[in-house]
Structures are given as structure tokens and as C-alpha cells.
Amino acid sequence: KTQAKALPAYASWKHADSLIVHSANTIETKRSAFGSGLITPLDRLFVRNNVTPPSEQIVADPDAWVLSIKGVKNPKDMTVAELKRLGLVAVPMVLQCSGNGRAFFPEKPSGTQWTVGAAGCVVFTGVPIKAVLEAVGGMDEGAKYMTGQGGEEIPQGLDPNTIMVERSLPLDAIDDAILAWEINGQPIPLAHGGPLRLVVPGYTGVNNVKYIKQLAFTKEQSAANIQQNSYRLAPVGEKSNPNQESVWEMPVKSWVTSPSGEPGEELKAGKVQIQGLAFGGMSAAKEVEVSVDGGKNWVKASFVGPDLGKYAWRQFVVGVDLKPGKYEITSRATSEAGTVQPEERVPNNRGYLNNSWRDHMLAVTVV
Ligand code: MSS
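Keep in mind that what you see is a predicted model, and the values were worked out from it rather than measured.

K.L.:
Got a minute to help me understand the pattern of salt bridges in this structure?
P.N.:
Opposite charge on two side chains permits pairing when their charged atoms draw close. Tallied over the full model, the rule gives nine salt bridges. Its salt-bridge partner being Asp 63, residue Lys 84 comes within 2.7 Å of it at the nearest N-O pair. Residue Lys 84 is located in the loop between helix 1 (80-83) and strand 6 (89-96), and its partner Asp 63 is located in the loop between strand 3 (47-48) and strand 4 (66-70); the two are separated by 21 residues in the primary sequence. Owing to a relative accessible area of 37%, Lys 84 belongs among the partly exposed residues under this scheme. Residue Asp 63 is classed as partly exposed on the basis of its relative accessible area of 32%. For Glu 266, the salt bridge is made with Lys 268, and the minimal N-O distance between the two is 3.5 Å. Across the pair, Lys 268 and Glu 266 agree in class, each one exposed. Residues joined by salt bridges that share partners form a network here, namely Glu 344, Arg 345 and Asp 359.

K.L.:
Please clarify how the sheet that holds strand 18 (residues 302-304) should be interpreted in this entry.
P.N.:
Adjacent strands of a sheet pair through backbone hydrogen bonds, lying either parallel or antiparallel. Reading across from one edge, 14-15-19-18 is the order of the four strands in this open sheet, with antiparallel pairing throughout. The strands lining the two open edges of the sheet, one partner per strand, are strand 14 (253-258) and strand 18. Direction aside, the axes of adjacent strands within the sheet are offset by 40 degrees on average.

K.L.:
Would you mind going over the pairing of strand 9 (residues 166-170) with me for this structure?
P.N.:
Looking along a regular strand, one sees side chains alternate from face to face of the sheet. Taken across its five residues, strand 9 has five buried, putting it largely inside the fold. Taking every second residue as pointing to the same face, both faces of strand 9 are buried, with Glu 166, Ser 168 and Pro 170 on one and Arg 167 and Leu 169 on the other.

K.L.:
Help me out: how do you make sense of the nonpolar core in this one?
P.N.:
Side chains that are nonpolar tend, in soluble globular proteins, to be buried together. The biggest cluster of nonpolar side chains holds 43 residues, and the ones touching the most others in it are Ile 129, Leu 179 and Leu 198. Taken together, the elements giving at least two residues each to this core come down to strand 1 (19-23), strand 4, helix 1, helix 2 (129-135), strand 8 (145-150), strand 10 (178-183) and strand 13 (212-218). When residues in this core are grouped by element, the largest group, four residues, is from helix 2. Residues contacting Leu 179, with those up to four places away along its chain left out, are Leu 67, Leu 83, Thr 125, Gly 126, Val 127, Ile 129, Val 132, Leu 196, Arg 197, Leu 198, Ile 212 and Leu 215.

Conventions used here
- Starting from 1, residues in each chain are numbered consecutively following that chain's sequence as written.
- Where totals are concerned, whole chains, interfaces and linings use all residues; where local detail is concerned, this predicted model gives features only for residues with pLDDT of at least 70, and gives and counts side-chain atom pairs only at 80 or more.
- Side-chain metrics rest on all non-hydrogen atoms present in the structure, leaving aside hydrogens and water.
- What makes a salt bridge here is a side-chain nitrogen of Lys or Arg within 4 Å of a carboxyl oxygen of Asp or Glu, nothing more.
- Secondary structure is summarised from DSSP: a helix means a run of H or I of at least four residues, a strand means a run of E of at least two, and numbering begins at the N terminus for each.
- Classification of residues uses two cut-offs on accessible area relative to the type maximum, computed with a 1.4 Å probe and protein chains only: under 20% is buried, over 50% is exposed, and between them is partly exposed.
- Two strands pair under a simple rule: DSSP has to find at least two bridges between them.
- In this analysis, axes come from line fits to C-alpha atoms, helices being fitted only over the stretch in contact, and the angle between any two N-to-C directions falls in the range 0 to 180 degrees.
- Residues enter a nonpolar core if they are buried and are Ala, Val, Leu, Ile, Met, Phe, Trp, Tyr or Cys, with the set joined through side-chain atoms within 4.5 Å.
- Residues count as neighbours in contact if any of their non-hydrogen atoms are within 4.5 Å of one another.

Listed below in C-alpha cells is the structure:
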């Protein structure tokens, strides 16, 4: 048996029993640990870093953190304290890694083998990008992207483009994007990108740049490798390149959280409440169906808990009578935009954006 890995120091405050520690930079929420509250408690929320996070010292005095704003009429440096005076909005939303569900790709793409737990539903609080733009006189003529740069230290002698976490987003993303200093009612801890994070609801995890130190409105996408050659939808077996589609918007998705199929779970015959989570990506989840026979027959589930808007997930439940036997349980969501969660994933070389209902199916035995 392999011994469970220990939490890294910067995330030592997390609830170890609810998590799968893949590595010091990749920590996943167990399927059974989402609970039945809508908002994912911070001590259960997944963590993903492309490189080692900066020193804990950067969150000691969050208000003093400086963001430099470029590619605008009046470029300037602003502290978090100054940003706090420009506006305030709270955004409930799904934060999900681009590679969540990678473990279900039959091609076994390289990267963390996330199953369902590289995702959570959180409330970020901050200032709308639009308010920031207004304060700096608007963006430069001809800008096509909003580009955020992470605050990691670049080791001396290294070409910054090889390791810098800098992501560019289409201008559409500006509408609902914010610069956030709070998550679930507390200052953002280092693990989740404090003191200041670029938050882009509806877009995959990587686009939500942690410890943001520069926000620029640019004509071109960032030259950083993470923008040019990573997070691209490359055909299976082919290297990524900048001409392929960038991983930006999230597609409609759902999965069952209870039963969880985890070892030690005992399912007794009789009435079983099948629970799970559903979200629409860029629009709200409208409907969820559940199947216990591998997708042959479907029943409609009901939403439970509050509706916190189109970027948050909804909890669903349906009570079914199960006799002793073997079942294949899965869920299928439909978004407000009318998109139905597909049976098959879209194949791609690095295993991004898996929303296949078949892949997320659980085989369970009822006794
Ligand atoms: N940011 C920075 N700065 N750095 C890094 O590394 N990562 C990404 C984001 N951001 C990073 C950043 C990713 S990749 C993700 S998912 C996210 O983040 C996560 O978050 P949390 O808070 O959970 O940790 Mo995939 O797509």
C-alpha cells in the first residue's frame, strides 16, 4: 500500500482527509468531500500551481500589494488598498482546472491525473475590471487581449517566458472579470492566489491568475510558454502550438458526488438519494438527469439549495429505489444556452475539458 502524501506547508491548514495530495502543487478534493453545502469550504478546495508559489510573506499585508496596470491611457501602479476604493462585487463561481477529468481519458495524457476534484464553487470578492479600466482612462487603441501576470519569482538567468504564469484572455472576458482580494469571506490565502487574484468567471482555472502583479491590455497574446504552447486543444499525439484553440471557456458539466464509489462506502438496498453538482460553463445549469443503468434510461433530478447565479454550480438530488445488484450511475446536465453534456469527451493531447457523462459514471454495488 502506498502511504498518502502529506500536505505542503503553504496548504497545511487544509483538511487532509478530504483531499488527495498528488504532489506539493496539485491537491484534489475527494468525490465524497464536496458535502451538501453549495460553497466549497476553503479547507477542502483543490490547489493547482504550475510552479512553486511565492513566499507566504506576500499575504502578510494584502493592502500593500502593488498591481501595475499597462496598455491603458494612464498606466499606473495601484495598491490593493487603492483598488478597494474603486468598486465592490461578489462573484459566486465554479473554479475548475482545465485538466479536471484528465484521468478518464483512455490515452492517459501526461499531467496530473485529476478525476472530479480539481473543482470547487467559491465566492470571490473584488473590484470589476471595468471599474479599474475606467479609473485608468480605458484601454489602449487596438488592444485585443487582457493579460494577467502571476507574482512568482523568476529565478535569475532563466528566460521568464519559460516559467512565468501569464495568461491572455479575449476582451469578452472583461465583462464579468474582477480583481479579487477575498474568497469565501476571508482574505485570499496564498494557496489560492492572495493578496490579489484575477478572476474570470466561466473560464477554466488557469485563466484565474494568482498573486497578480501586472494587468495589461495587449495587442498580442502573452509570449509566455503557458499561453503559447500550453493549454491548447492539440490533436492526440501532436505537440501544442499557438494556432490551436486556447483553453478558455468551460463547457457544461455535472457529476454525481453521492454515492461516491469510494472504498468503504456501503450502499444498502432501498431508497437512495443520488446527489451531485452541475454547472453550465458560460450560462447557468438548467436541468440535470440521472441514470442508474449506464445511460440507457434517465430520470429528472431536482435542484436543491440556493441559486447563486450563472457561474455557480447547482446541487441536484433524485431519490431512487435500488434493489441489491450492480449499478452504473451518472448524470447529464443541460445549460441555459441549450447545450447538453455529451456522452463522449473531445479528444485532445493533454486531456483538457473532459465533460463526458460516460467518463464520470460510477460502478456501484447495492447490498
Ligand atoms: N496563477 C499563478 N500565478 N500560478 C499558477 O501556477 N495555476 C493556475 C491558476 N492560476 C496558477 C495560477 C491553474 S492551472 C489553476 S487550475 C488554478 O490557478 C487553481 O487555483 P487554486 O486556487 O484552486 O489553486 Mo489548471 O487549469
